[in-house]
Amino acid sequence: MSNVIIEVNQLTKKFKSTLAVRQADFKIYKGEIFGLIGQNGAGKSTLLKMIGGLVYPSTGKIHLFNSEMNANHPYYERMGLLIENAGLYPQYSAYDNLKFVAMSYGLKDHLKHINELLELVGLSRTNKTKVKNYSMGMKQRLGIAIALMGSPDVLILDEPINGLDPQGISDIRNLILDLNSKGITIIISSHILEELSKVATKYAIIHKGEIIEIHSKEELLLKCEDRIEVEVSDVKMATPILEEHLNIGNYKVMNDHTVCIYDSHIENYRIVNALVENGISVHSIMKHKQSLEQYFLERTESVVTAHG
Ligand SMILES: Nc1ncnc2c1ncn2[C@@H]1O[C@H](COP(=O)(O)OP(=O)(O)OP(=O)(O)O)[C@@H](O)[C@H]1O
Ligand SMILES: [Mg+2]
């Protein structure tokens, strides 16, 4: 059996003249925490709404649990959504909000789980405060509790840490990791890569409606690791010299002329000397140290330039 839980093919959404999402293609595997990162207006919410069945795609396909989606598909019931406005009833308590949701979903059996859910998201079950008097963090927690109401296999969280203080961010992060460890596949969006990096196992960068990169956690960390990038006349001849003369084992050949060395302690001049002494021309050598945020900004800015 395939472990692909969600697959989107050429998924596009156009609002009049705005191309909000264009030709998105990716797979989400069971057990992943799939992070969607993009600036304001990049298309995150639109993409998540299409996957969650709240917005119809203009073109393209979505497969959920190996079946193609269409209207009123029962598979939507296996998804919990927290997207933009969580749809809370401000005049009522958290308990009553969950009760209404259970009733309106026809989940009468779930009423007995309300207290468990409140506890799980860290809201007091005895708290009678009306939701209109809740802090942002409490509303986000309640939104997640509502998304969890139908015991979903997939949880879609659109910017769940927006507006939270550091303690709230840390609590929501722990909750996400906890839910994931219980087997729930999670899709989470954010405009802060650094924050996503603390939970996500996969990263998709969306920019101006386009998915421009998808990386595993390992790939992303490797990209941001301290490195020395050396451009040479012939990379195939250069790597044995790095290994034999400088004892460098941790490197990656990027193309015919570029090698990245992941050992930033070694001085640049030693690398240049060793290569030149062995007949290799060095065109450039540069130390790179990048934060995840710099990486994200560089990618999105460079794409702006590339598109003019
Ligand atoms: N219902 C709509 N009608 C018209 N345009 C829309 C609609 N929803 C979204 N858009 C446009 O589609 C683009 C993508 O919007 P979307 O809300 O998906 O971005 P986002 O990445 O979620 O942004 P944010 O970080 O601000 O939440 C924007 O240009 C937005 O103005
Ligand atoms: Mg959004």
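Conventions used here
Residues numbered from 1 in each chain as written. Chains lettered and ligands numbered in written order. Predicted model: local features only at pLDDT ≥ 70, side-chain atom pairs only at ≥ 80, totals over all residues. Heavy atoms only, no water. Near = heavy atom within 4 Å. Polar contact = N/O pair within 3.5 Å; in protein donor to acceptor, adjacent residues only side chain to side chain. Areas by Shrake-Rupley, 256 points an atom, 1.4 Å probe, with all protein chains shown as cover. Helix = DSSP H or I, 4+ residues; strand = E, 2+ residues; numbered from the N terminus. Nonpolar A, V, L, I, M, F, W, Y, C, P; charged D, E, K, R; others polar. Salt bridge = Lys/Arg side-chain N within 4 Å of Asp/Glu carboxyl O. Buried < 20%, exposed > 50% of the residue type's maximum accessible area, 1.4 Å probe, protein only. Pairing = 2+ DSSP bridges. Contact = heavy atoms within 4.5 Å. Axes fitted to C-alpha atoms, helices over the stretch in contact; angles between N-to-C directions. Arc of directions from axis to C-beta. Expected span 1.5 Å × (residues − 1).

Per an unreviewed UniProt entry, the protein goes by ABC-2 type transport system ATP-binding protein and derives from Ornithinibacillus halophilus.

> Tell me about the site of ligand 1, and please be specific about residues and values.
Neighbouring ligand 1 are Phe-15, Thr-18, Ala-20, Gln-39, Asn-40, Gly-41, Ala-42, Gly-43, Lys-44, Ser-45, Thr-46 and Glu-159. In this structure, Gly-41 approaches ligand 1 through a main-chain N or O atom, which is 2.7 Å from an oxygen atom. Note that an oxygen atom of ligand 1 is positioned 3.1 Å from one of the backbone N or O atoms of Ala-42. The protein chains hide 60% of the 640 Å² of surface that ligand 1 would expose on its own. For the shell around ligand 1, the secondary structure elements donating two or more residues are β2 (18-29) and α1 (44-51). Looking at the shell around ligand 1 residue by residue, the class counts come to three nonpolar, seven polar and two charged.

> Requested: an account of the pattern of salt bridges, with residues and values cited.
Applying the stated criterion across every chain, the model contains ten salt bridges. The partner of Glu-195 in a salt bridge is Lys-198, and the shortest N-O contact between them spans 3.8 Å. Of the residues examined, Glu-195 reaches a relative accessible area of 13% and is grouped as buried. According to the relative accessible area criterion, Lys-198 is partly exposed, its value standing at 44%. One salt-bridge network, in which partners are shared between bridges, spans Arg-173, Glu-195 and Lys-198.

> An account of the sheet that holds strand β1 (residues 4-15) is requested, with residue identities and associated values reported.
Backbone-to-backbone hydrogen bonds join strands into a sheet, with any given pair of strands oriented parallel or antiparallel. With respect to topology, four strands assemble into an open sheet ordered β2-β1-β4-β5, the strand pairing being antiparallel. The open sheet is flanked by β2 and β5 (67-68), the only strands paired with a single partner. As paired elements, β1 and strand β4 (residues 59-64) share five bridges and run antiparallel to each other. Counterpart to Asn-9 in the pairing with β4 is Lys-61. Along the sheet, α1 makes contact with β1, β2 and β4, crossing β1 at roughly 125°.

> Describe helix α9 (residues 268-277), and please don't skip the residues or the numbers.
Those residues of α9 that sit buried are Ile-271, Ala-274 and Leu-275. All buried residues of α9 fall inside an arc of 95° around its axis, so they share one side. Facing away from the buried side of α9, by more than 90 degrees, are the exposed residues Tyr-269 and Glu-277. In the core, the buried residues of α9 are packed alongside β11 (227-232), α8 (235-246), β13 (258-261) and β14 (282-288). Looking one or two places after α9, you find Gly-279, whose phi comes out positive at around 85°.

> An account of α8 is needed here, citing residue identities and associated values.
An ideal rise of 1.5 Å per residue puts 16 Å on twelve residues; α8 measures up with 15 Å between its terminal C-alpha atoms. Of all the residues in α8, the buried ones are Val-235, Ala-238, Thr-239, Ile-241, Leu-242 and Leu-246. Taken down its axis, α8 places every buried residue within 165° of arc, on the same side. Pointing more than 90 degrees away from the buried face of α8 are the exposed residues Lys-236 and Glu-244. Packed against the buried residues of α8 are β11, β12 (251-253), β13 and α9. Of the residues flanking the start of α8, the one acting as N-cap is Asp-234, its side-chain oxygen 3.0 Å from the backbone nitrogen of Lys-236. Just downstream of α8, Asn-247 is the residue with a positive phi angle, here 60°.

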